[in-house]
Amino acid sequence: MRSGAPSPAAPPRALAGPLRSSEPARAAPVRSAAAALLEEAADLLVVHRDFGAALRTCERACRALACGAPAEEPAGASLEVKCSLCVVGIQALAEMNRWREVLSWVLQYYQAPEKLPPKVLELCVLLYSKMQEPAAMLEVVRAWLQDPDNQGLPEYRALVELHLQRVLLPLGCLSEAEELVVDSVAFSDEQRLDALQAISTAREQQKHEHSGSEEAQKLNQEGSSSHKFLSLLMSLRRLWDFVVSHFFSLPFKKSLVAALVLCLLVARFDPASPSSLPFLYKLAHIFHRIREAVSSPLGQLPIQN
């Protein structure tokens, strides 16, 4: 993840303005301390490449914001610092190949998925998508998009498109993607048509891949059946070769008796019947010729193993 980590956001510089007489004196140190820690974490990440120290600095700054931010402090100032700290922390975790911890690490400071800042959510989607784990973001982005407070944000449409391209379509959630595009008010008519066209293309590709996998499975089954049939034929041939070789290794009388027994078992041949005498004479004559051919060194039968 070292090559793919996005560059950290520039830390806000002028977060603490001059104090008014009605403001408590403790508001400025809390803000300046958090901003100073943000600058220190960004410096550790980019300049010194000390990712562990950068992560620890971000955690210390987030704890300071959670414990010491006064009620009179402007809401946007601490939220901006907190978002920037999370961006730096995400990059530090990614650089240390601890990207699986990113989502849980961020949620410990925001408690609920719908409270995530758009920039942090976008970074998480891009990270998990790049690491081929978009399913981890499915429920998180779904909850964020369904929150009414987020639907009026200017980043809402961009996050809907990112959710479509990086989460829903790769996971094959085409029905959910289509429902999201149709029901969302963030799209214009032209943008909605483009998104539906992309979903239709993904559905056709999914059907093609499904039919291709079925054909491959069918071919594998046919190949397995053919292999089993060929194995059976080879086994029968080896058995036949063994029987023939063993049969010709027996003495002539034993071979004749074996042939008669075979006739009794297979053809229900009755040797005591007068009608069977011509067949017995012919059988004896055949065995004499076979024996002479086998015993002759110049006229052996071509028996193939």
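Residues numbered from 1 in each chain as written. Predicted model: local features only at pLDDT ≥ 70, side-chain atom pairs only at ≥ 80, totals over all residues. Heavy atoms only, no water.

(A) Spotlight on the overall build of the chain. A count of helical and extended segments in the chain gives 11 helices and zero strands. In the chain, the succession of α and β elements from N to C terminus is α-α-α-α-α-α-α-α-α-α-α. Classification of the 305 residues of the chain by burial places 33% in the buried group. Here the contacts in the chain between residues at least 6 apart in sequence split such that 62% fall between residues at least 24 apart. When the accessible area of the chain is evaluated, it comes to approximately 19200 Å², of which 57% is carbon and sulfur surface. (Helix = DSSP H or I, 4+ residues; strand = E, 2+ residues; numbered from the N terminus. Buried < 20%, exposed > 50% of the residue type's maximum accessible area, 1.4 Å probe, protein only. Contact = heavy atoms within 4.5 Å. Areas by Shrake-Rupley, 256 points an atom, 1.4 Å probe, with all protein chains shown as cover.)

(B) Expanded view of the packing of helix α5 (residues 118-130) against helix α7 (residues 156-171). Contact pair α5 / α7: the axes reach a minimum separation of 10 Å and the direction vectors enclose 10 degrees. Our classification of the angle between α5 and α7 gives roughly parallel. Remark: the crossing between α5 and α7 carries left-handed chirality. Judged by residue contacts, P118, L121, E122, V125, L126 and S129 of α5 engage L159, L162, R166 and V167 from α7. Here the contact of α5 with α7 is composed, by residue class, of seven nonpolar, one polar and two charged. (Axes fitted to C-alpha atoms, helices over the stretch in contact; angles between N-to-C directions. Parallel < 35°, antiparallel > 145°, perpendicular 65-115°, else oblique. Left-handed = near helix turned anticlockwise from the far one by under 90°. Nonpolar A, V, L, I, M, F, W, Y, C, P; charged D, E, K, R; others polar.)

(C) A look at unusual backbone geometry. For N97, which is not glycine, the phi torsion reads 60 degrees and is therefore positive. Structurally, N97 can be placed in the loop between α3 (75-95) and α4 (102-110). At Q111, a position not held by glycine, the phi torsion is positive, near 65 degrees. Looking at the secondary structure, you find Q111 in the loop between α4 and α5.

(D) Here's a closer look at the nonpolar core. In this structure, V106, V120, M137 and L164 are the most contacted members of the largest nonpolar core, which totals 60 residues. If we ignore the near neighbours within four places in the chain, the residues touching L164 are L169, P170, A177, L180, V181, F187 and A195. (Core = buried A, V, L, I, M, F, W, Y, C linked by side-chain atoms within 4.5 Å.)

(E) How the structure looks around the environment of K82. One can find K82 in helix α3. Residues K82 and C62 lie 20 residues apart in sequence; the distance between their C-alpha atoms is 6.4 Å. Residues in contact with K82, not counting those within four places in the same chain, are L65, Y109 and Y110.

(F) Region of interest: the packing of α4 against α5. One can describe the packing of α4 onto α5 by two numbers: an axis separation of 11 Å at closest approach and a directional angle of 165 degrees. One element, α4, and the other, α5, form an angle in the roughly antiparallel class. When the axes of α4 and α5 are compared, the crossing they make is left-handed. Along its contact with α4, which presents V102, L103 and V106, the element α5 presents V120, C124, L127 and Y128. Along the lines of polarity and charge, the residues of the contact of α4 with α5 split into seven nonpolar, no polar and no charged.

(G) Layout of helix α6 (residues 138-146). Residues of α6 that are buried: L138, V140, V141, W144 and L145. Burial along α6 is one-sided: seen end-on, the buried residues are contained in an arc of 165 degrees. Contacts made by the buried residues of α6 are with α4, α5, α7 and α8 (174-183). (Arc of directions from axis to C-beta.)

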